[in-house]
Amino acid sequence: MNPSDVEKLAHLARLEISDDTIAEVSKSVSEVIKLVDQLQAASTEGVEPMAHPQDALQILRSDEVTEGNVRDAFQAIAPATEDGLYLVPKVID
Amino acid sequence: MHKLSIAELSRNLKNKVFSSVEATRHFLERSKKLNPEFNAYITLTEEQALAEAAEADKRLAAGDDNVLCGVPIAHKDIFCTNGVRTSCGSRMLDNFIPPYDATVVANYRAAGAVMLGKTNMDEFAMGSSNETSWYGKVRNPWAPNCVPGGSSGGSAAVVAAMMAPGATATDTGGSIRQPAALCGITGLKPTYGRVSRWGMIAFASSLDQGGVMARSAEDAAILLNAMASYDSKDSTCINEPVPDYTATLHNKLEGLRIGLPEEYFGEGLHPEIQAAVEDAIKILEKRGASIKKISLPHSHLAVPAYYVIAPAECSANLSRFDGVRYGHRCEDPKDLMDLFKRSRGEGFGEEVKRRILVGTYALSAGYYDAYYRKAQQVRRLIKQDFDEAFNDVDVILGPTAPTPAFEFGAKGNDPVAMYLEDIYTIATNLAGLPGMSIPCGLVDNKPVGLQLIGQAWDEARLLNVANEFQHHSDFHTWTPGGLA
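All residue numbers here refer to positions counted from 1 along the written sequence of the relevant chain. Chain letters start at A and ligand numbers start at 1, both assigned in the order the entries are written. Two thresholds apply to this predicted model, a pLDDT of at least 70 for residue-level local features and 80 or more for giving and counting side-chain atom pairs, whereas whole-chain, interface and lining totals are computed over all residues. To get the side-chain values, take all heavy atoms of the structure and skip hydrogens and water.

*Asks:* Describe the overall build of chain A, and please don't skip the residues or the numbers.
*Replies:* Counting its secondary structure elements, chain A contains three helices and two strands. C-alpha atoms define the radius of gyration in this analysis, and the globule rule sets the expected value at 2.2 Å times the number of residues to the power 0.38. Against the globule reference of 12 Å for 93 residues, chain A gives a C-alpha radius of gyration of 22 Å, more extended than a compact globule. The principal-axis extents of the C-alpha atoms in chain A amount to approximately 55 × 45 × 25 Å. Exposure categories follow from relative accessible area, calculated using a 1.4 Å probe and restricted to protein chains: below 20% of the type maximum is buried, above 50% is exposed, and the middle band is partly exposed. Burial analysis of chain A (93 residues in total) assigns 30% to the buried set. Here Asp and Glu are counted as negative and Lys and Arg as positive; His is not counted, and neither are the chain ends. Lys charges are placed at NZ, Arg charges at CZ, Asp charges at CG and Glu charges at CD. Separation of charge centres in chain A, based on 7 positive and 18 negative side chains, amounts to 4 Å. Counting from the N terminus, the helices are DSSP H or I runs at least four residues long and the strands are E runs at least two residues long.

*Asks:* Let's hear about the overall build of chain B: which residues, and what values?
*Replies:* From N to C terminus, chain B includes 15 helices and eleven strands. Computed over its C-alpha atoms, the radius of gyration of chain B comes to 21 Å, within 12% of the 23 Å expected for a compact globule of 484 residues. If you line up chain B on its principal axes, its C-alpha atoms span 65 × 55 × 45 Å. Scored against the burial criterion, the 484 residues of chain B give a buried share of 67%. We call two residues in contact when some of their heavy atoms are within 4.5 Å. Considering only contacts within chain B whose residues lie at least 6 apart along the sequence, 76% involve residues at least 24 apart. Accessible area of chain B: about 15,400 Å², with a carbon and sulfur share of 49%. Here chain B holds 48 positive side-chain charges and 57 negative ones, and the gap between their average locations is 2 Å. Every accessible area reported is derived by Shrake-Rupley at a probe size of 1.4 Å, with residue values counting cover from the shown protein chains alone.

*Asks:* Before we move on, could you go through the state of the cysteines and cite the residues and values that matter?
*Replies:* Criterion for a disulfide: a pair of cysteine sulfur atoms within 2.5 Å. Throughout the structure, instances matching the rule amount to zero disulfides over all chains. Considering cysteine sulfurs only, B:Cys88 is the nearest to B:Cys80, which forms no disulfide, with 8.4 Å between them.

*Asks:* Before we move on, could you go through helix H8 (residues 271-286) of chain B and cite the residues and values that matter?
*Replies:* Residues and elements named next belong to chain B. In this analysis, the expected span of each helix is defined as 1.5 Å times one less than the number of residues it contains. Taking 1.5 Å of rise per residue, 16 residues should cover 22 Å, and H8 covers 23 Å from first to last C-alpha, within 8% of that figure. Among the residues of H8, those classed as buried are Ile273, Ala276, Val277, Ala280, Ile281 and Leu284. The arc enclosing the buried residues of H8, seen along the axis, measures out at 145°, which places them on a common side. Away from its buried face by more than 90 degrees, H8 exposes Pro271 and Lys286. Summarising the contacts, the buried residues of H8 are in contact with strand S7 (257-261), strand S8 (290-294), strand S9 (395-399), strand S10 (435-443), strand S11 (446-453) and helix H15 (459-471). Positive phi appears at glycine 288, one or two residues downstream of H8, with a value of about 105°. Within this analysis, the arc is defined by the directions that extend from the helix axis to the C-beta atoms.

*Asks:* Which residues make up the pattern of salt bridges, and what values go with them?
*Replies:* Residues and elements named next belong to chain B. When a carboxyl oxygen of Asp or Glu lies within 4 Å of a side-chain nitrogen of Lys or Arg, that pair is called a salt bridge. Per the stated rule, a full pass over the model turns up 22 salt bridges over all chains. With a shortest N-O distance of 2.9 Å, aspartate 394 and arginine 257 are connected by a salt bridge. Placement of the pair is aspartate 394 in the loop between helix H12 (369-389) and S9 and arginine 257 in strand S7, with a sequence separation of 137 residues. Via salt bridges that share partners, Glu29, Lys32 and Glu46 belong to a single interconnected network.

*Asks:* Talk me through the environment of B:Leu60; I want residue IDs and the actual numbers.
*Replies:* Residue placement: B:Leu60 occurs in helix H3 (residues 46-61). Setting aside anything within four residues of it in sequence, one finds B:Leu60 in contact with B:Leu13, B:Lys14, B:Lys16, B:Cys69 and B:Gly70.

*Asks:* Help me get a handle on the interface of chain B and chain A, residues and values and all.
*Replies:* Taken together, the contacts link 65 residues of chain B with 51 residues of chain A. Buried area is a sum: the accessible area each of two parts loses on coming together, probed at 1.4 Å, counted once for each and added. When the two sides are added together, the surface that chain B and chain A hide from each other amounts to roughly 5,200 Å², 69% of it contributed by carbon and sulfur. Each polar contact in these results corresponds to two N or O atoms within 3.5 Å; when the atoms are within protein, one needs to be able to donate a hydrogen and the other to accept it, and residues that are neighboring in sequence are counted only if both atoms are side-chain atoms. In this structure, the connection of chain B to chain A is made through 16 residue pairs in polar contact (both at pLDDT 80 or more). Secondary structure elements with two or more residues in the side of chain B that touches chain A: helix H9 (302-317), helix H10 (336-347), helix H11 (350-363), H12, helix H13 (415-419) and helix H14 (426-431) of chain B.

*Asks:* Just give me the short version of the packing of helix H2 (residues 22-36) of chain A against H11(B), but keep the residues and values in it.
*Replies:* For helices, the axis comes from a line fit to the C-alpha atoms of the stretch in contact; other axes are also lines fit to C-alpha atoms, and the angle between any two N-to-C directions lies between 0 and 180 degrees. Contact pair H2(A) / H11(B): the axes reach a minimum separation of 10 Å and the direction vectors enclose 55°. Comparing their axes, H11(B) and H2(A) come out oblique. Between H2(A) and H11(B) lies a crossing of right-handed hand. In this structure, H2(A) uses A:Val25, A:Ser28, A:Val29, A:Val32 and A:Ile33 to contact H11(B), whose residues at the interface are B:Arg354, B:Leu357, B:Val358 and B:Tyr361. Side-chain classes follow a simple rule in which Ala, Val, Leu, Ile, Met, Phe, Trp, Tyr, Cys and Pro form the nonpolar group, Asp, Glu, Lys and Arg form the charged group, and the remainder, Gly included, forms the polar group. In terms of residue class, the contact of H2(A) with H11(B) is built from seven nonpolar, one polar and one charged. Note on angle classes: values under 35 degrees are labelled roughly parallel, values over 145 roughly antiparallel, values of 65 to 115 roughly perpendicular, and the remainder oblique. Whether a crossing is left-handed or right-handed is set by the direction in which the near helix is turned from the far one by less than a right angle, anticlockwise for left-handed and clockwise for right-handed.

*Asks:* I'd like a rundown of the packing of aromatic side chains, residues and numbers included.
*Replies:* All names here are of chain B. Two rings belonging to Phe, Tyr or Trp (six-membered ring only in the last case) form a pair when the distance between their centres is within 6.5 Å. Interplanar angles under 30 degrees mark stacking, angles over 60 mark edge-to-face geometry, and anything in between is tilted. By the definition in use, this model includes 15 aromatic pairs over all chains. Ring centres 4.9 Å apart and planes at 75° place the aromatic pair tyrosine 306 and tyrosine 307 in the edge-to-face group. Relative accessible area serves as the criterion here: at 4%, tyrosine 306 is assigned to the buried category. Residue classification places tyrosine 307 among the buried residues on the basis of a relative accessible area of 1%. For the pair phenylalanine 321 and phenylalanine 348, a centre-to-centre distance of 6.3 Å together with 85° between the ring planes defines the contact as edge-to-face. Taken together, the residues phenylalanine 321 in the loop between H9 and H10 and phenylalanine 348 in the loop between H10 and H11 connect sequence positions 27 residues apart. Counting as a charge over the ring demands two things of the Lys NZ or Arg CZ atom: a distance within 6 Å of the ring centre and an angle within 35 degrees of the ring normal. The ring of phenylalanine 408 carries lysine 137 above its face, with NZ or CZ at 4.4 Å from the centroid.

*Asks:* Now, about unusual backbone geometry: what can you tell me, with residues and values included?
*Replies:* Peptide bonds are mostly trans, and most non-glycine residues show a negative phi. Residues and elements named next belong to chain B. Of the consecutive residues glycine 150 and serine 151, the connecting peptide bond is found in the cis state with omega at 10°. Mapped onto the elements of the fold, serine 151 is located in the loop between strand S3 (114-119) and helix H5 (153-160). Although it is not a glycine, lysine 16 adopts a positive phi angle of roughly 60°. Following the sequence through the fold, lysine 16 ends up in the loop between helix H1 (6-14) and helix H2 (20-38). The phi angle at asparagine 445 is positive, at roughly 60°, despite the residue not being glycine. Within the fold, asparagine 445 resides in the loop between S10 and S11.

*Asks:* So what's going on with a negative patch on the surface? Which residues, and what values?
*Replies:* Taken together, A:Glu7, A:Glu16, A:Asp19 and A:Asp20 make up a surface patch of like negative charges. Along the polypeptide, A:Glu7 turns up in helix H1 (residues 3-12). Residues form patches when they are more than 30% accessible in relative terms and have no salt bridge. Like charges link within 9 Å. Nonpolar side chains (Val, Leu, Ile, Met, Phe, Trp, Tyr) link within 5 Å.

*Asks:* Please give an account of H2(B) that cites residues and values.
*Replies:* Residue and element names in this part refer to chain B. For H2, spanning 19 residues, the distance from its first C-alpha to its last is 25 Å, which sits close to the expected 27 Å at 1.5 Å a residue. The bend reported for a residue corresponds to the angle between axes fitted to the seven residues ending at that residue and the seven starting there. Lysine 32 marks where H2 bends most, by close to 35°; the proline proline 36 follows one to four residues later. Where H2 is concerned, the buried positions are Ser20, Val21, Ala23, Thr24, Phe27, Leu28, Arg30, Ser31, Leu34, Asn35 and Phe38. Packed against the buried residues of H2 are H1, strand S1 (41-44), H3, strand S2 (72-76) and S3. Count one or two residues on from H2 and you reach asparagine 39, which has phi positive near 60°.

*Asks:* I'd like a rundown of the pairing of S3(B), residues and numbers included.
*Replies:* Residues and elements named next belong to chain B. A large share of S3 lies buried, amounting to six of its six residues. Here the rule is simple: two strands pair whenever DSSP picks up at least two bridges between them. In terms of strand pairing, S2 meets S3 through four bridges, oriented parallel. Considered in S3, the bridge of lysine 76 is made with threonine 119. What joins S2 to S3 is helix H4 (residues 103-111), and the crossover it makes is right-handed. Seen with its strands pointing away from the viewer, a crossover is right-handed when the path leading from the first strand over the helix to the second is clockwise.

Just distances and angles here, no functional claims.
Set out below in structure tokens:
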């Protein structure tokens with residue numbers, strides 16, 4: 001894992017990593033990858049992957065409105081809003 | 001008053017020996033005095049606590065028989081609290097004031113418990129030393145130059161320093177049990193699905209579980225009674241009846257079969273911790289328990305599997321923090337990409353970024369099968385080890401952590417060394433099983449934790465074993481020197 005690999009990952013994850021820390025970050029991410037590479041030695045042929053510890057099925061609720069409109073409460077804590085919309089820098093010219 | 005257990009506080013409140021306002025004021029004053037030294041609370045909610053206490057006093061006067069009515073407790077700052085800043089130990093959420101309560105918080109509110117404040121933690125619960133908190137490190141009440149463990153280090157320190165009689169916490173890979181061990185208190189991580197995760201800020205959704213910290217198994221049982229509930233707002237919460245966890249605390253241990261996994265007593269375990277755990281086993285044997293050596297052969301793969309699954313799930317969960325809807329936003333973003341990248345780059349600390357990157361890598365095209373799928377297969381092997389073991393034993397016992405509390409910075413530059421701190425606790429999360437840590441002695445004047453692991457939904461038995469142990473030993477009553 002070299003600094004340019006980490007830059008690519010950081011872009012995928014939408015994370016800014018400063019130039020002066022990228023070498024250190026690459027090194028520590030590589031160490032973690034090395035740790036998890038121990039998995040490759042495990043024999044897992046035919047083993048069903050386990051996503052939920054109880055192998056429970058996803059529980060779905062019926063498609064009914066249960067909550068009132070809480071837009072104002074949620075937007076009160078937003079960085080920037082206007083007329084009930086979230087503001088971000090212009091995306092399309 | 002701060003030395004009283006939750007059970008004793010409750011009796012005194014019911015008998016009008018003191019009021020909830022008096023008890024709450026006592027813990028607030030003590031916390032204000034001690035917190036500058038230990039940094040265990042991020043926020044003390046004094047005004048609100050006193051208002052809640054006054055409300056509880058009215059309920060008590062009206063004959064409310066809820067055992068927690070009027071009892072002050074602390075919440076880990078990972079649980080959303082309506083109108084009270086919930087930071088998750090991160091700069092990202094330094095300005096986040098949730099407009100709702102987590103189900104766990106609502107459950108305690110309904111029981112009449114009073115919230116004293118929000119406790120410090122590793123950022124987004126990622127860490128085993130509390131050193132990754134944006135709000136600074138928590139000091140261990142037993143050894144102020146040492147870590148309290150993590151990620152629920154603030155909750156553990158608050159309980160150990162008697163700034164609160166009990167606290168909520170969460171455990172993704174050991175974050176309740178390891179700090180409980182390092183701070184000499186009792187901590188319980190329930191079965192995955194026992195406690196609602198709604199409003200509990202997500203780290204790794206298939207592993208995260210809320211739980212409790214207190215100074216005894218009896219108090220932990222009282223706290224779990226109020227915390228556990230089925231919640232349709234959490235799609236992974238399981239609809240199992242919640243027993244009264246205090247009802248079986250005093251069951252006799254005769255005939256109890258305890259398994260000792262050979263993998264938990266091997267290389268890397270501090271010899272004096274091993275000796276303390278072996279002495280503790282003798283106490284349980286005297287109560288009629290039988291001991292059997294067992295094997296959990298895939299134990300060595302637990303940490304590697306965890307460091308695929310937890311980062312993968314965290315990279316997905318933490319994508320919601322984008323600088324748009326709430327939380328930190330960078331100054332003067334030049335375009336949307338800049339807003340995302342700088343808000344996240346500034347808002348997250350080093351360890352959180354590292355795990356997001358590892359998770360992104362493990363989930364990226366071409367690597368998914370080699371990492372995430374493989375880790376989930378290994379996860380099943382680990383679960384099967386436990387299933388097999390529980391054919392022959394009722395509970396599994398071992399050390400909680402391989403070492404006592406270590407000094408600040410001791411593992412600072414070595415993430416893998418820090419990850420190995422959770423070597424005995426992580427497998428329990430992967431298998432979704434309940435686990436407990438209770439104090440069983442001191443090494444270098446620092447507490448040692450004994451871990452108990454149970455079958456799914458067998459919290460009552462863990463609490464029973466822990467309570468019987470505590471009735472025939474006094475480790476749990478030991479308090480840090482210098483803290484009257």
